Amino acid sequence: MIDDPKAFIRSNTRLMPVPHAPEISLHVADEATVLWQKTEDELGEIGLPPPFWAFAWAGGQALARYILDNPTLVAGKRVLDFASGSGLVAISAARAGAAHVEACDIDAFAIHAMGLNAAVNDVALSARHVDLVGRDEGWDVVVAGDVSYEQDMAARVTEWLAALHARGACVMIGDPGRSYLARLRLEALATYRIAVSRDLEDVEIKETSVWRFRSS
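Since this is a predicted model, take the numbers as computed values, not measurements.

What counts, and where the lines are drawn
- Residues numbered from 1 in each chain as written.
- Predicted model: local features only at pLDDT ≥ 70, side-chain atom pairs only at ≥ 80, totals over all residues.
- Heavy atoms only, no water.
- Buried < 20%, exposed > 50% of the residue type's maximum accessible area, 1.4 Å probe, protein only.
- Helix = DSSP H or I, 4+ residues; strand = E, 2+ residues; numbered from the N terminus.
- Arc of directions from axis to C-beta.
- 1 Å grid on protein atoms, 1.4 Å probe; cavity = no way out; pocket = protein on both sides within 12 Å on 5 of 7 lines; lining within 4 Å.
- Points joined across faces, edges and corners; volume = space filled by probe spheres on them.
- Nonpolar A, V, L, I, M, F, W, Y, C, P; charged D, E, K, R; others polar.
- Contact = heavy atoms within 4.5 Å.
- Core = buried A, V, L, I, M, F, W, Y, C linked by side-chain atoms within 4.5 Å.
- Polar contact = N/O pair within 3.5 Å; in protein donor to acceptor, adjacent residues only side chain to side chain.
- Phe/Tyr/Trp six-rings, centres within 6.5 Å; stacked < 30°, edge-to-face > 60°.
- Axes fitted to C-alpha atoms, helices over the stretch in contact; angles between N-to-C directions.
- Parallel < 35°, antiparallel > 145°, perpendicular 65-115°, else oblique.

Colleague: Now, about helix α1 (residues 5-12): what can you tell me, with residues and values included?
Modeller: Listing the buried residues of α1 in full gives Pro 5, Phe 8, Ile 9 and Asn 12. The buried residues of α1 all sit within an arc of 100 degrees when viewed along its axis, so they share a single face.

Okay, structure coming up:
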């Protein structure tokens, strides 16, 4: 068992600036497979989800950069960072002046990583270990990075985000064009060339966009 998840995270990651948002630093792992295996070994479990929380994914980096460069999008507002992982986008929203920031994830380790990363960056956020798909708690802004890599998940999340957009929330999606991105329903706000881990993406640079739903 891992008695102290935060100590486990600290001992198996390095504190590094985010390549496309160097104002923010995160606890990140050097290799996904090694950390994944070590987590399973320490917990005595197999089939655990990959440690998404230990990396600055391309979609999250794009969203963080866009928010930091356009702080009026979130300033004074209530923000939800869905499937937050490391908390990168939530941290960018807090730094840009959001009134209240929530970050949710279904991985318990992500919740601990968010707390560590928020503290390092001297911001406050509310980390929630819950799947919020299908719920509407009145957020002004909802952001989601890299959520289109599995067909069923992408379809479910896209319909939920579309409903939030339809009722007036500002919804932004960070994605490098993964297989199940609903491109025909979206338009790009900005596009970046993001440095990523070859261990994760098989490339070192990923062209990544911040998307919003098209007006009906």
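Now, onward.
Colleague: I'd love a proper account of the layout of surface pockets, names of residues and values included.
Modeller: Considered as a void within the structure, the largest pocket measures approximately 720 Å³ in volume. Residue lining of the largest pocket: 35 residues in total, with Phe 52, Ala 83, Asp 105, Tyr 149 and Met 153 positioned closest to the centre. Every element with two or more residues in the lining of the largest pocket is listed here: β3 (78-82), α4 (88-95), β4 (100-105), α5 (108-120), α6 (151-166) and α7 (198-201). It is α6 that contributes the most residues to the lining of the largest pocket, 3 residues altogether. Classifying every residue of the lining of the largest pocket gives 21 nonpolar, 5 polar and 9 charged.

Colleague: Outline the side chain of Ser 86, supporting the account with residue identities and numerical values.
Modeller: Locating Ser 86 in the fold gives a position in the loop between β3 and α4. A residue is classified by how much of its surface remains accessible, and Ser 86, at 3% relative accessible area, is buried. Among residues more than four places away in sequence, those in contact with Ser 86 are Leu 26, Trp 53, Phe 55, Ala 113, Met 114 and Asn 117.

Colleague: An account of the nonpolar core is requested, with residue identities and associated values reported.
Modeller: One finds Leu 26, Val 74, Leu 125 and Met 172 to be the most contacted residues of the largest nonpolar core, which totals 49 residues. The contact partners of Leu 26, leaving out residues within four places of it in the chain, are Arg 14, Leu 15, Met 16, Val 18, Ala 56, Ser 86, Leu 88, Ile 91 and Asn 117. Core analysis: the next-biggest nonpolar cluster, separate from the first, contains 21 residues, Leu 80, Cys 104, Ala 144 and Ile 173 among them.

Colleague: Pulling in residues and values, what's your account of the side chain of Thr 208?
Modeller: Of note, Thr 208 is situated in strand β9 (residues 205-213). On the basis of relative accessible area, Thr 208 is assigned to the buried category, the value being 0%. Of the polar contacts made by the side chain of Thr 208, one reaches the backbone oxygen of Lys 206; its length is 3.1 Å. If we ignore the near neighbours within four places in the chain, the residues touching Thr 208 are Ala 58, Gly 59, Ala 62, Asp 175, Pro 176, Ala 190, Thr 191, Tyr 192 and Ile 194.

Colleague: Could you give an account of the packing of aromatic side chains, naming the residues involved and the relevant values?
Modeller: In this description, a pair of aromatic rings is defined by centroid distance and the angle of the planes. What the rule picks out here adds up to 7 aromatic pairs. Taking the centre distance of 5.7 Å and the plane angle of 40 degrees together, the rings of Phe 52 and Tyr 149 count as tilted. Here the residue Phe 52 occupies a position in the loop between α2 (32-43) and α3 (58-69), and Tyr 149 occupies one in the loop between β6 (141-145) and α6, the gap between them amounting to 97 residues. You can call Phe 52 partly exposed: its relative accessible area is 32%.

Colleague: Describe the packing of α3 against α4, naming the residues involved and giving the relevant values.
Modeller: Between two packed helices, the angle of one axis relative to the other and the distance separating the axes together describe the packing. It is at 8 Å that the axes of α3 and α4 come closest, and there the two elements cross at 5 degrees. Overall, the two elements α3 and α4 adopt an arrangement that is roughly parallel. From α3, Gly 60, Gln 61, Leu 63, Ala 64, Ile 67 and Leu 68 reach across to α4, where they touch Leu 88, Val 89, Ser 92, Ala 93 and Arg 95. By residue class, the composition of the contact of α3 with α4 is 7 nonpolar, 3 polar and 1 charged.

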